[in-house]
Amino acid sequence: MTHKDFRKRYLCLQQTNRAMNTKILIIGACGQIGTELTKKLRNIYGVENVIASDIRKLNNDVVNEGIFEVVNALDFNQIEHLVEQYQVTDVYLMAALLSATAEKNPAFAWDLNMNSLFHVLNLAKAKKIKKIFWPSSIAVFGPTTPRHNTPQYTIMEPSTVYGISKQSGERWCEYYHNIYGVDVRSIRYPGLISWSTEPGGGTTDYAVDIYHKALENGTYECFLSEETALPMMYMDDAIRATIEIMQAPAENIHVRSSYNLGGVSFTPKEIAQEIKKHIPSFTITYKPDFRQKIADSWPASIDDTVAQKDWNWKHEFDLAAMTVDMIEHLK
Ligand code: AKB
């Protein structure tokens, strides 16, 4: 589907959805994905139908351009109160500690990543909300997983606390769907790249930093080695995937743990070469740190044919298109 077709479908769905009284709560709306997602959901469903929330109130568009509430994702009563106050139907739970940060604070990462999920799953079990989006990650895979074109169903022995929490979360999502009929939908995000929001503590963050540093200083010191290939995706594709899976008919969603989602796959050396096409004087050096071990345990590329078949998923941005867009916007 082209952007034009997608836009047309948005406009059409906008009216239907308003009529159907969809009320959305986004938890973790000020993060890297949440910021973009909030903007898009407000466009589709109307500002009056999207409640953005986060642990603190920043001075940004998420807070200033619609309904915003301060909420702690670990506080069940606060979430339940918001759900009742706004008669929320759909929850997008975007609050989480990512891979690199989670390694520094494993106990808190486990607490946040798991208990925030239980809160929304239990609200759906009690029929207080209808639908949940919960993001998983390529971090569910580990060193024993086939690295190339990693299949939907394969060996999963994650070696990071973030990966363990995401894999456990996937199991719980499937359990709540099978046992309690909860309509929970999920995708395994690869590393996400966007120009408008900074990433928050992941191993794939270098692929965003590199553009900023290339434009600011003309040079970048990478914390991964030059040949470390990882699955990545441009934010526009990731947001479209999130909205498409949530809008797909329930009977098409056969995977209730989480779907593999493929985008592009590249190494630091390859992204640097692409940037050099626009900034010929750009240079890169490599100084791998603790994140190298995390990256080495993850797949290099992902097979997403199950998502393609079930809800027509198809990514649009490749490395070249993403680089043009990033540089144009960051300039
Ligand atoms: C991270 O690097 O931790 C995240 C992810 C792949 O889930 N971007």
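Parameters at a glance
- Residues numbered from 1 in each chain as written.
- Predicted model: local features only at pLDDT ≥ 70, side-chain atom pairs only at ≥ 80, totals over all residues.
- Heavy atoms only, no water.
- Helix = DSSP H or I, 4+ residues; strand = E, 2+ residues; numbered from the N terminus.
- Rg over C-alpha atoms; globule rule 2.2 N^0.38 Å.
- Buried < 20%, exposed > 50% of the residue type's maximum accessible area, 1.4 Å probe, protein only.
- Areas by Shrake-Rupley, 256 points an atom, 1.4 Å probe, with all protein chains shown as cover.
- Lys, Arg positive; Asp, Glu negative; His and termini not counted.
- Charge placed at Lys NZ, Arg CZ, Asp CG, Glu CD.
- Near = heavy atom within 4 Å.
- Polar contact = N/O pair within 3.5 Å; in protein donor to acceptor, adjacent residues only side chain to side chain.
- 1 Å grid on protein atoms, 1.4 Å probe; cavity = no way out; pocket = protein on both sides within 12 Å on 5 of 7 lines; lining within 4 Å.
- Sits in = over half its atoms within 2 Å of the grid points.
- Nonpolar A, V, L, I, M, F, W, Y, C, P; charged D, E, K, R; others polar.
- Core = buried A, V, L, I, M, F, W, Y, C linked by side-chain atoms within 4.5 Å.
- Contact = heavy atoms within 4.5 Å.
- Pairing = 2+ DSSP bridges.
- Points joined across faces, edges and corners; volume = space filled by probe spheres on them.

**Description of the overall build of the protein**
Along the protein, the regular secondary structure elements total 13 helices and 14 strands. Over its C-alpha atoms the protein spans a radius of gyration of 19 Å, differing by no more than 12% from the 20 Å that the globule rule assigns to 331 residues. Taking the principal axes of its C-alpha atoms as reference, the protein extends roughly 55 × 40 × 40 Å. Here the protein holds 331 residues, and the buried ones make up 56% of them. In the structure as shown, the protein presents an accessible area of about 14200 Å², 51% of it carried by carbon and sulfur atoms. Averaged over its 34 positive side-chain charges, the protein has a centre that lies 4 Å from the centre of its 39 negative ones.

**Considerations on the site of the ligand**
All residues adjacent to the ligand are Leu-98, Ser-99, Ser-137, Ile-138, Tyr-162, Gly-202, Thr-203, Thr-204 and Trp-298. In this structure, Ser-99 approaches the ligand through a side-chain N or O atom, which is 2.6 Å from an oxygen atom. The separation between an oxygen atom of the ligand and a polar main-chain atom of Thr-203 is 2.7 Å. Notes on the ligand: free accessible area 250 Å², of which the protein chains cover 94%. In a pocket analysis with a 2 Å cut-off to the grid points, the ligand is assigned to the largest pocket. For the shell around the ligand, the per-class residue count stands at four nonpolar, five polar and no charged.

**Describing the nonpolar core**
Core analysis: the biggest nonpolar cluster contains 65 residues, and Ile-27, Ile-193, Tyr-206, Tyr-211 and Phe-266 have the highest contact counts within it. In this structure Tyr-206 touches Tyr-220, Cys-222, Phe-223, Leu-224, Met-232, Phe-266, Thr-267, Pro-268 and Ile-271, once residues within four positions along its chain are discounted.

**Overview of the pairing of strand β4 (residues 90-93)**
Because side chains alternate across β4, one face comprises the buried residues Asp-90 and Tyr-92, and the other comprises Val-91 and Leu-93, equally buried. Relative to β4, strand β1 (residues 24-27) is paired through four bridges, and the arrangement is parallel. Paired with Ile-27 across the strands is Leu-93, a residue of β4. Sheet topology places β4 next to strand β5 (residues 131-133); three bridges connect them, and they run parallel. Paired with Tyr-92 across the two strands is Phe-133, which belongs to β5.

**Some words on the layout of surface pockets**
By volume, the largest pocket amounts to about 930 Å³. Forming the walls of the largest pocket are 42 residues, and the residues nearest its centre are Gly-31, Met-94, Ala-96, Leu-98 and Gly-200. Of all the elements in the fold, those that place two or more residues in the lining of the largest pocket are α2 (32-45), α5 (99-104), α6 (106-125), β6 (136-137), α7 (161-180) and β9 (191-193). With three residues, the single largest contributor to the lining of the largest pocket is α2. By residue class, the composition of the lining of the largest pocket is 22 nonpolar, 15 polar and five charged.

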